[in-house]
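Residue-level structure breakdown
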Amino acid sequence: EGEEGEEGAWNLAMAAGTCLGLCAGVVGDAIVPLVMPYVQANIQKNSTPEDWRAREAATFAFGSMLEGPSPETLGSLVSAGLPFLLAALKDAHPQVKNTTAWTIGRTLEFVHGTGAALIGPQNLPQIIQALLEAISDGPLVAEKVCYALSQLAAGFEGGAGTSPMSPYFQTVIQALLQTASRTTADAGETARLQTQAFEAINEVVRASAPDTVPLVAQLVPLMVARLQAASAHAAPSPEAVEKQGEEQALLCGVLQVLLQRLSDDDGGRAAAAQAADAVAGALLGVFACRAGTVHEEAMLAMGALTYATGRGFGKYLEAFFPVLHRGLVQHQEVQVCQVSVGVLGDVCRAVEEGLAPYADRAMSAVLTNLGDGGVDRSLKPALLSALGDVALALGDGFEPYLGHVAAVLQGSMALSAQLAGAGAGGEEELGEYNNALRHGILEAWAGMLNGLSKAKADAHLRAAGPAILDLIAGIARDDAHRDVGVWKAALALLGDVAASLAGAGAALRDRPALAEFVEAAGQVPSLGETANWTSQVVSRALRLA
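Remember, predicted model here, so these are calculated numbers, not experimental data.

1. Section: the overall build of the protein chain
Scanning the protein chain for helices and strands turns up 26 helices and 0 strands. The principal-axis extents of the C-alpha atoms in the protein chain amount to approximately 90 × 55 × 45 Å. Taking contacts inside the protein chain between residues at least 6 apart in sequence as the whole, the part at least 24 apart equals 74%. Working note: accessible area of the protein chain is about 23900 Å², and carbon and sulfur atoms make up 54% of it. Distance from the positive charge centre (33 side chains) to the negative charge centre (58 side chains) of the protein chain: 5 Å.

Here it is as structure tokens:
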């Protein structure tokens, strides 16, 4: 009831399917023998015009139970049922087709996506053909087909050299691009279809094998042209501004994924660098459309461009830095500020000392936010990490900021110790925030110790050495909120202190628990290499002491 006019209408059938899905999540394999008799009794009913309801309900029930049971339990059922589902994409009733496309997507996500041997050379051509025929159906069906195609591609991600999807890459992308350009009488329906199509393109690109990199590269100028067209004219009304922003966001999202995928491949990186001027120009055009605000997705795409261009990104900084600075100071827009802080780190890693002409403004924005009690606390860990990124980029050029930064970090360490005391009872949210704060503090100190020359690091940071070691000792003691990422950063910083600061050996000798921490960390498989290096550096510092 109501689903033909409104996608996702909340009715009795939707409620029942949702409840069935929750049951499947709880009981797992035990749901299958309870549901399958209903599916088998109804999925082929076709004796009266109203029997479409039975077919649709059976398909919906099957799709609803897929998240919970093991792939092994579902494997044979899905293998037997997939050809039938593909045929049902041509059912006479649109609601059956719609639910069938959704169920195929769920099948691909929860069975094919787990590595089960569901799809191979024997059935992949038929699956691709059925989905590409169905994508030209009504918009509701086409949306679900986009989802199914994205899950089909994602299930093959990670292959070396080539992928079973590689021969179909160009055809699938072309179909999704055409779908993204479709318009319907309903503006909301058009927007949803466009979103699903672009998200599917992103997933197909992410999962693409190395042999399709030249085809991925060909998409960049196409997306640049679309983005330039979307930004070419000022929107005449608030509604038009919103629509323009949504389209720009989708296109920037695709460009971000394309650049990330190309940056993972040597040949791809060269192709991305070749297109960098056009990409940067299009993204700057998006920022120009939005005076006074920062377009989040365009900012993320700029961050991706840094990986493709490296030091070559420096030539865009004169035009881009004012936008980045605007994002850094707009802390009231928490998500925009968070993204901008992350992109500042990307820029630092790309241009290194090329950041110097902009360092004063960047540091002023970061330090002002850290000192402002009105800034959302979720921003503080990333802001602290950014101090390390800038220090690593500038090297000894970071020296003018050391006094202010050290004071900020001492205050942050005191706050962390206070939070550790308050969260000693094991409060999860407080512990998670403190771990994020610790990680930011550790990265800030590490950036300075590794960025500065050894003489300057020792001269300026030696006095902070004991406090840094106390922070690491506090992390080692906090069994209630142990975090592998924080342990790894703490281990690395412990090694940096031992290697860089004179007198570190004596301070380490006074804190025997730190040697125990290194030994315990060495038992964690993902920390073995870092722990081994830190152990050697600490042992040397203790011998010298």
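2. Some points on the pattern of salt bridges
If you walk through the whole model with that rule in mind, you get 18 salt bridges. Notably, a salt bridge pairs Glu-133 with Lys-90, separated by 3.3 Å at the nearest N-O pair. Of this pair, Glu-133 sits in helix α6 (residues 124-134) while Lys-90 sits in the loop between α4 (71-88) and α5 (94-110), and the two are 43 residues apart along the sequence. Here Arg-438 makes a salt bridge to Asp-478, at a shortest N to O gap of 3.0 Å. Of this pair, Arg-438 sits in helix α20 (residues 428-451) while Asp-478 sits in the loop between α22 (465-477) and α23 (484-500), placing them 40 residues apart in sequence. One continuous salt-bridge network, built from bridges that share partners, spans Arg-311, Glu-352 and Glu-353.

3. Considering helix α7 (residues 139-154)
Look at α7: 23 Å from first C-alpha to last across 16 residues, which is about the 22 Å you get at 1.5 Å a residue. Most of α7 sits inside the fold, with 15 of its 16 residues counted as buried.

4. Quick notes on the packing of α4 against α5
Closest axis-to-axis distance for the α4/α5 pair is 10 Å, and the angle between their directions is 145 degrees. α5 is crossed by α4, and the crossing has left-handed handedness. Between α4 and α5, the residues in contact are Pro-71, Val-78, Leu-85, Leu-86 and Ala-88 and Lys-97, Thr-100, Thr-103, Ile-104, Thr-107 and Phe-110, respectively. Looking at side-chain class alone, the contact of α4 with α5 contains 7 nonpolar, 3 polar and 1 charged residues.

5. Quick look at the domain arrangement of the protein chain
Under the domain assignment used here, the protein chain contains domain 1 (11-208) and domain 2 (377-544). With centres defined by C-alpha atoms, the gap from domain 1 to domain 2 works out at 48 Å.

6. A look at the nonpolar core
Among the nonpolar cores identified, the biggest contains 179 residues, and Leu-152, Phe-320, Phe-398, Trp-445 and Met-448 are the most heavily contacted of them. Looking at which domains feed residues into this core, each of domain 1 (11-208) and domain 2 (377-544) gives three or more. Ignoring sequence-local partners within four residues, the contact set of Phe-320 consists of Leu-284, Phe-287, Met-299, Met-302, Phe-313, Val-343 and Val-347.

7. What to know about the side chain of Thr-534
Inspection of the secondary structure puts Thr-534 in helix α26 (residues 528-544). Not counting the four nearest positions on each side in its chain, Thr-534 is found in contact with Leu-491, Ala-492, Leu-494, Gly-495 and Val-518.

8. Regarding the confidence of the model for the protein chain
This prediction gives the protein chain a mean pLDDT of 92; 97% of its residues lie at or above 70. The weakest mean pLDDT in the protein chain belongs to helix α12 (residues 266-274) at 90; the strongest belongs to helix α18 (residues 380-394) at 98.

9. Let's talk about the environment of Ser-263
Tracing the chain through its elements places Ser-263 in helix α11 (residues 238-263). Considering only alpha carbons, one finds Ser-263 and Asn-434, 171 residues apart in sequence, at a separation of 33 Å. At a separation of 2.7 Å, a polar atom in the side chain of Ser-263 contacts the main-chain carbonyl oxygen of Leu-259.

10. Focus: the packing of helix α2 (residues 32-42) against helix α3 (residues 52-64)
With their axes 8 Å apart at the nearest point, α2 and α3 run at an angle of 150 degrees to one another. Considering their axes alone, α2 and α3 lie roughly antiparallel with respect to each other. Considering only the axes of α2 and α3, their crossing is left-handed. Taken together, the residues of α3 that come into contact with α2 (itself represented by Val-35, Met-36, Tyr-38, Val-39 and Asn-42) are Ala-54, Arg-55, Ala-57, Ala-58, Ala-61 and Phe-62. Taken together, the residues that form the contact of α2 with α3 break down as 9 nonpolar, 1 polar and 1 charged.

11. Topic: unusual backbone geometry
Its identity is not glycine, yet Glu-352 carries a phi of approximately 50 degrees, on the positive side. If you trace the backbone, Glu-352 turns up in the loop between α16 (334-351) and α17 (359-371).

12. Observations regarding helix α1 (residues 12-27)
Under the 1.5 Å per step criterion, the end-to-end length of α1 is 22 Å for 16 residues, consistent within 8% with the ideal 22 Å. Looking only at α1, the buried set comprises Gly-17, Gly-21 and Ala-24. When α1 is viewed along its axis, its buried side chains cluster within an angular range of 60 degrees and face the same direction. Residues of α1 that are exposed and point more than 90 degrees away from the buried face comprise Leu-12, Leu-22 and Val-26. Where α1 is buried, its residues touch α3. Near the N-terminus of α1, the side chain that reaches the backbone nitrogen of Ala-13, with its oxygen 3.2 Å away, is that of Asn-11. Once α1 finishes, Gly-28 follows within two positions and takes phi at roughly 65 degrees, a positive value.

13. As for the environment of Val-405
Secondary-structure assignment places Val-405 in helix α19 (residues 402-422). Val-405 sits in the buried class, given a relative accessible area of 0%. It is 7.8 Å that separates the C-alpha atoms of Val-405 and Leu-367, two residues lying 38 residues apart in sequence.

14. Regarding the packing of aromatic side chains
Geometry of an aromatic ring pair is reported as the spacing of the ring centres plus the angle between the planes. Counted according to the given criterion, the structure contains 7 aromatic pairs. Seen in terms of ring centroids, Phe-313 and Tyr-316 are 5.7 Å apart; in terms of plane orientation they differ by 70 degrees. Their pairing is edge-to-face. With a relative accessible area of 8%, Tyr-316 lands in the buried category. Put simply, the rings of Phe-287, Phe-313, Tyr-316 and Phe-320 pair up and form one aromatic cluster. Above the ring of Tyr-433, the side-chain terminus of Arg-377 is found at 4.2 Å from the ring centroid.

15. Here's the deal with the state of the cysteines
Under the definition given, this model contains 0 disulfides. Of the cysteine sulfurs around Cys-348, a residue in no disulfide, the closest is that of Cys-337, at 15 Å.

Scoring rules and cut-offs
- Residues numbered from 1 in each chain as written.
- Predicted model: local features only at pLDDT ≥ 70, side-chain atom pairs only at ≥ 80, totals over all residues.
- Heavy atoms only, no water.
- Helix = DSSP H or I, 4+ residues; strand = E, 2+ residues; numbered from the N terminus.
- Contact = heavy atoms within 4.5 Å.
- Areas by Shrake-Rupley, 256 points an atom, 1.4 Å probe, with all protein chains shown as cover.
- Lys, Arg positive; Asp, Glu negative; His and termini not counted.
- Charge placed at Lys NZ, Arg CZ, Asp CG, Glu CD.
- Salt bridge = Lys/Arg side-chain N within 4 Å of Asp/Glu carboxyl O.
- Expected span 1.5 Å × (residues − 1).
- Buried < 20%, exposed > 50% of the residue type's maximum accessible area, 1.4 Å probe, protein only.
- Axes fitted to C-alpha atoms, helices over the stretch in contact; angles between N-to-C directions.
- Left-handed = near helix turned anticlockwise from the far one by under 90°.
- Nonpolar A, V, L, I, M, F, W, Y, C, P; charged D, E, K, R; others polar.
- Domains from an automatic or database assignment.
- Core = buried A, V, L, I, M, F, W, Y, C linked by side-chain atoms within 4.5 Å.
- pLDDT = per-residue confidence, 0-100.
- Polar contact = N/O pair within 3.5 Å; in protein donor to acceptor, adjacent residues only side chain to side chain.
- Parallel < 35°, antiparallel > 145°, perpendicular 65-115°, else oblique.
- Arc of directions from axis to C-beta.
- Phe/Tyr/Trp six-rings, centres within 6.5 Å; stacked < 30°, edge-to-face > 60°.
- Lys NZ or Arg CZ within 6 Å of the ring centre and 35° of its normal.
- Disulfide = S-S within 2.5 Å.

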